[in-house]
Every structure is written in structure tokens, then in C-alpha cells.
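An overview of the molecular structure
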Amino acid sequence: MTFYPYKNGRLHIEGVSLDELAARVGTPFYCYSASAMETAYTSFVAALGDLPATVCYALKANSNQAVIRTFARLGAGADVVSEGELRRAVAAGVPAKKIVFAGVGKQPSEMATALDAGILQFNVESLPELEALSRVAQEKGRVAPVALRINPDVDALTHAKISTGKAENKFGIDIPSLRGFLASAADLPGVRIEGLAVHIGSQVTDVNPYRTAFERLAGLFVELRDAGWPLERLDMGGGLGIAYRDDAAPDIKRYAEIVRETTQGVGCKLIFEPGRFLTGNAGLLVTRTVYVKHGTARRFAIVDAAMNDLIRPTLYDAWHDIRPVAQSAADAPREPYDIVGPICESSDIFAEQRPLPTVAPDDLLAICSTGAYGAVMSSSYNSRPPAPEILVRGNDYAVIRPRIDYEELIGQDRLPEWLEDEGVSSEPRGAA
């Protein structure tokens, strides 16, 4: 992890000491390396080479304004799945003509907002959605640019909860249903089908399943265009993963070769929607050890981060490397620890029986590869203010989302009129 070196015995993010950040902003906190994100983006674009590609960063991975703008300044568009993400992308400077609106449950109000913005395309996943978009576009006197998301029935060889391209998944239009779909769509006003889209899943590290999906997509594209549909774009989706553990990172050059081989001669524009690949390894969650508890069978390092800050281990049994901020000797003995948080749930756990150098109270630990689906999935469960976010570039850093205080957290609640009195009576309602 070249962006997270040990210097003078302490872990840094680029040129900034994590000790310094912890002293200034408190723990837990997220920190991101701007250089790591920029390097991931430029490597992806370089692999695509001369392909007619638009790269749209998938905001669901990390939707902080500073992160979005980092990619926008490099020329990226945005892949959004809600009106909120659409508004975030526009606010961060992404041109509307480089925004793709995906997702299975777009509301008519969201469609209207996207039409007003003038986005590149809507990725439509069902006939009811297309009919709703037609009605909204008609009301506005507009024509909505559409790409039909195809479900290619391809196993992405990833976790079941993040697989999206198999027949049993909720996403996309089944290929056997496509002809009937098109027959119903042919006369719908206010929509123009300009492309096809596919997305087979998330955290894909074996790029071979993409070949089958892209072949099916490209074949359908040519068939439909020859039949008279005005198709212009192939949306290849995203889903490329990162190496969280000892598994290999996806081979980006091989991925690009598969794209070239499967789209050769098709003659269309291409869209790509990477998310985790761009931000996942750019982030750390830094936490402080509160107590070390010796149980009957296990040793627990209880830290001040929790599942409300990072839910991936709870949700997916996800692995994240954990590194002490204080560098230990290479031959230092290691002991197995369960790294757990303070939330009243047995599932509030980051790692089980993880071999680490001796961990003591007040020690700082860095939970690695948390730049994607970390802060963006956080909550205030147990009335815990979510961890702040820090962006580092070289020797500089900035707080890009501050920690809210308890007054602000509680102040989000509103009391109904009947509770706004001098107190709560101990008498049951209606008592004489």
C-alpha cells in the first residue's frame, strides 16, 4: 500500500501522520488518499486506451462532494441511483450530459428532476418503469434518453448479496422477455431507446464473466440496431473489485482486452461505471482501542469504531486488513484478537482471531480498504455520531465531512405538540 507508509515508526496516509490526524479530529475517523484515487482513475482510463469511452464514477461507493469533484476534475461523469446522488453529482461539478441514472425503483419526481437537468441517459430495468418515464417526459414535453438494462444471466462469481446479473436477481430485463418488452415499448411517447446496459455485480475480481455478459450485450445491440432501433451506446456497467485480502486484484488490462474483443466492429460509444475500484483502497478507518478484555477463550480488543461506522464485516462477513499505527518489529510476536466495537450487538465485530502484535488500551488501529461502502453506508445507530471524513493530498489534509455533536444529532428529532409540555405524567391517560 504505497500511499500508507510507515515513517519514523508511525503509519502515515501520504505525508500525514495518522497520530496527528487522530489528535486533531478525534477517533474514529475516515481518511482518504487523493493520490490513490487519482492513480486508480488514471490507470483505468489508460487501460481503456483509444476506446470511445465515457467513465462515470459510481457515487454509491463514496458520495462525498470532495471525492466526486476529485474525479470530475479528471474528466469523469457520474453513475447515480437516486435523486440525492444526482444532486450531489451536479453540485460537485459533474456535467449533466455525463450523468447516467440507474436503479430499479426510480420515482416519477426523481425522473422529472433528471429530465430537467438534461442527463445523458436513464438505465431502465422494467416495462412499468419505462411507462412511468414516458408519462413524466410527456408531461414535461421532453424526450427521455434510455438505455435498457439487460439481465444476461451471468454469474459474476462474487458474494450472493452483491450479485446482480443472474436470472434470479431483481435487476434488468431478462433476454427471453426482451422481444415482448420492445413490442410494448415501441409506441411509448416521450422516450427514445438509445442504448443497452449491463451490470453483473460488485467486487468482481475474476474478469472472465464479463466476456459472456459483454458478448451477449454486443450481440443484442447489433441485432436490435439492424432491426431499426436507434442505438448509439453500450453501457458496460461497473463492478470491478479490489484485493481486500490475499486475493488478486482484477487484471485491468485483461478487462480492457475483453471489452475490445467483444465490441470490435460494433461501432458505438461505450460507458463504464467503476466505483469501488476507484475508491476502495484509497481509504482507512482509524480507531482507538478502548479496552483489552481477556475472555475465557478469546482476547478482545474493544475499539471506539463500530458497525454503525463500517457495516461491511457485519453485512457481508467482509475481510479488512487491520494495521497498528505504531510500527512493530518484523519479528514481534503476534496474538489472536477479536477486534470488536461498543455497540450492543454480537455482530459488531471487525475481525475474529486476527493475529496482531500486542494491542493495548489507547493504541490506534487502521482498518484498511474502507474508501468504498464505508462512510456512505454508516448510520447513527446507538445514537453514535458518524465518523468524520478527511481527505489527504501530499502533506495537506482537509476535513471533508465534520463529526456532528450530540446536540445536532438529537436536534434532528421533533416532538409532537402533545409531548411539548412540562413533563410526562405518571398517570395513565384518561385517569380520574
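Parameters at a glance
- Residue indices begin from 1 for each chain and proceed along its sequence in written order.
- Only residues with pLDDT of at least 70 get local features here, since the model is predicted, and only at 80 or more are side-chain atom pairs given and counted; chain-wide, interface and lining totals rely on the full set of residues.
- Side-chain metrics in this entry use all non-hydrogen atoms of the structure; hydrogen atoms and water are not considered.
- Counting from the N terminus, the helices are the DSSP runs of H or I reaching at least four residues and the strands are the DSSP runs of E reaching at least two.
- The globule rule used for comparison is 2.2 Å times the number of residues to the exponent 0.38, while the radius of gyration itself is calculated over C-alpha atoms.
- Think of it in three bands: with a 1.4 Å probe and only protein chains considered, a residue is buried below 20% of the maximum accessible area for its type, exposed above 50%, and partly exposed in between.
- Axis geometry follows a simple rule: fit a line to the C-alpha atoms, using only the stretch in contact for helices, then measure angles between N-to-C directions, giving values from 0 to 180 degrees.
- With respect to orientation, any angle under 35 degrees is reported as roughly parallel, any angle over 145 as roughly antiparallel, any angle of 65 to 115 as roughly perpendicular, and every other angle as oblique.
- Crossing handedness is defined as follows: a turn of the near helix away from the far one that is anticlockwise and smaller than a right angle gives a left-handed crossing, while the clockwise case is right-handed.
- Whether two residues touch is decided by their heavy atoms; if any such pair falls within 4.5 Å, the residues are in contact.
- Each residue gets one label: Ala, Val, Leu, Ile, Met, Phe, Trp, Tyr, Cys and Pro are nonpolar, Asp, Glu, Lys and Arg are charged, and the others, such as Gly, are polar.
- Any carboxyl oxygen of Asp or Glu that lies within 4 Å of a side-chain nitrogen of Lys or Arg is treated as forming a salt bridge with it.
- Grid points spaced at 1 Å over the protein atoms alone were grouped into cavities, where a 1.4 Å probe fits but cannot get out, and pockets, open sets with protein on both sides within 12 Å along at least five of seven lines, with lining residues defined by an atom within 4 Å of a point.
- Grid points are joined across faces, edges and corners, and a volume is the space filled by probe spheres set on the points.
- Directions are taken from the helix axis to each C-beta atom, and the arc is the one they span.
- In protein, a polar contact means a hydrogen-donor-capable atom and an acceptor-capable atom, both N or O and within 3.5 Å, with residues adjacent in sequence counting only if both atoms are side-chain atoms; elsewhere, any N or O pair within 3.5 Å suffices.
- Patch membership is restricted to residues that have no salt bridge and whose relative accessible area is over 30%. Joining uses 9 Å for like charges and 5 Å for the nonpolar side chains Val, Leu, Ile, Met, Phe, Trp and Tyr.
- Accessible surface is estimated by sampling points in the Shrake-Rupley manner with a 1.4 Å probe; for residues, cover comes only from the protein chains shown.

**Section: the overall build of the protein**
Summing up its helical and strand segments, the protein has 12 helices and 21 strands in all. For 432 residues, the compact-globule formula gives about 22 Å, and the C-alpha radius of gyration of the protein, at 24 Å, lands near that figure. Along the first, second and third principal axes, the C-alpha atoms of the protein reach 75 × 70 × 40 Å. The buried share among the 432 residues of the protein stands at 52%.

**Concerning the packing of helix α5 (residues 108-117) against helix α6 (residues 127-140)**
It is the contact of α5 with α6, at a shortest axis distance of 10 Å, that shows an interaxial angle of 55 degrees. Between α5 and α6, the crossing angle belongs to the class labelled oblique. Here the hand of the crossing between α5 and α6 comes out right-handed. From α5, Pro-108, Met-111, Ala-112, Leu-115 and Asp-116 reach across to α6, where they touch Glu-129, Ala-132, Leu-133, Val-136, Ala-137 and Lys-140. In the contact of α5 with α6, the residues fall into eight nonpolar, no polar and three charged.

**What to know about unusual backbone geometry**
The phi angle of most residues is negative, glycine excepted, and most peptide bonds adopt the trans form. Residue Pro-28 is bonded to the preceding Thr-27 through a cis peptide linkage, with omega at -5 degrees. Non-glycine residue Asn-8 carries a positive phi angle of around 55 degrees. Structurally, Asn-8 is set in the loop between β1 (6-7) and β2 (10-13). Asn-8 sits in the exposed class, given a relative accessible area of 83%. Although it is not a glycine, Asp-317 adopts a positive phi angle of roughly 55 degrees. Among the structural elements, Asp-317 can be located in the loop between α11 (312-316) and β16 (322-324). For Asp-317, a relative accessible area of 70% gives the class exposed.

**Digging into the pattern of salt bridges**
Here the idea is simple: oppositely charged side chains can pair when their charged atoms come close. Summed over all chains, the structure comprises 24 salt bridges. Among the ionic pairs, Arg-10 bridges to Asp-19, the shortest N-O distance being 2.5 Å. The partly exposed category is assigned to Asp-19, whose relative accessible area is 22%. The shortest N-O distance in the salt bridge between Arg-298 and Asp-338 comes to 2.9 Å. Here Arg-298 is found in the loop between β14 (283-294) and β15 (299-303), whereas its partner Asp-338 is found in strand β17 (residues 334-340), with 40 residues between them in sequence. Sharing partners across several salt bridges, the network here consists of Arg-211, Glu-215, Arg-254, Glu-257 and Glu-261.

**So, the layout of surface pockets**
Within this model, the second largest pocket holds a volume of roughly 350 Å³. Contributing to the lining of the second largest pocket are 22 residues, with Phe-3, Ala-36, Ile-242, Asn-281 and Ala-282 lying nearest its centre. Secondary-structure elements contributing two or more residues to the lining of the second largest pocket are α2 (34-48) and α10 (276-279). A per-element tally of the lining of the second largest pocket places α2 first, with three residues. Here the residues of the lining of the second largest pocket are counted per class, giving 15 nonpolar, five polar and two charged.

**Focus: helix α1 (residues 18-25)**
Listing the buried residues of α1 in full gives Leu-18, Leu-21, Ala-22 and Val-25. In an axial view of α1, the angular spread of the buried residues amounts to 100 degrees, which keeps them on one side of the axis. Those residues of α1 that are exposed and angled more than 90 degrees off the buried face are Ala-23 and Arg-24. At the N-terminal boundary of α1, the capping side chain belongs to Ser-17, with an oxygen 3.1 Å from the backbone nitrogen of Asp-19. Remark: Gly-26 follows α1 within two positions and exhibits a positive phi of approximately 80 degrees.

**Details of a nonpolar patch on the surface**
Together, Leu-415, Trp-418 and Leu-419 make up an exposed nonpolar region whose accessible area comes to about 380 Å². Inspection of the secondary structure assignment puts Leu-419 in the segment after α12 (406-411). Of the residues examined, Leu-419 reaches a relative accessible area of 41% and is grouped as partly exposed.

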